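Structural features, examined
Single-letter residue listing:
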Amino acid sequence: DQFITMPDHVHGVLVFGEHDTQSTLGDVIGWFKTMSTNAYIRGIQAHGWPRYERHFWLRDYYDRIIRDENALATVRRYIAQNPIRAFERLSY
């Protein structure tokens, strides 16, 4: 639905269809972390990207169920404004 990639984290809204019983949120997050980590490792090997010596992703993730259109609008606004808030924090 909407996402933003920040320097040290990602915000996003995932929409699961009512008939999507095959995948859980944990499955989707796990797949994303695995695929992005593998892409990073390939970047190190193929393009000489700098190594990151710690864990690439935190073990867990934070989730919230969005129950109505008002809540969805609030979350979308939060995601869209996240880079502005991050820049303001760095400006001090």
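Data block above holds the structure.
All chains use their own residue numbering, which begins from 1 and follows the written sequence. pLDDT decides what is reported in this predicted model: residues at 70 or higher carry local features, side-chain atom pairs at 80 or more are listed and counted, and totals for whole chains, interfaces and linings draw on all residues regardless. Hydrogen atoms and water are omitted, and side-chain values are computed over all heavy atoms in the structure.

Below, the discussion takes up the layout of surface pockets. Throughout, the protein atoms alone are placed on a 1 Å grid, and a set of points is a cavity if a 1.4 Å probe fits but cannot get out or a pocket if it is open with protein on both sides within 12 Å along at least five of seven lines; lining residues have an atom within 4 Å of a point. Grid points are joined across faces, edges and corners, and a volume is the space filled by probe spheres set on the points. Looking at the largest pocket, its volume works out to about 1,600 Å³. Lining the largest pocket are 38 residues, and of these Val10, His11, Gly12, Ile29 and Tyr62 sit closest to its centre. The set of elements that each furnish at least two residues to the lining of the largest pocket consists of β1 (2-5), β2 (10-13), α1 (25-47) and α2 (69-90). With 7 residues, the top contributor of residues to the lining of the largest pocket is α1. Partitioning the lining of the largest pocket into residue classes produces 25 nonpolar, 8 polar and 5 charged. Helix and strand labels come from DSSP, where a helix needs a run of H or I of at least four residues and a strand needs a run of E of at least two; each type is numbered from the N terminus. The classification used treats Ala, Val, Leu, Ile, Met, Phe, Trp, Tyr, Cys and Pro as nonpolar, Asp, Glu, Lys and Arg as charged, and all other residues, Gly among them, as polar.

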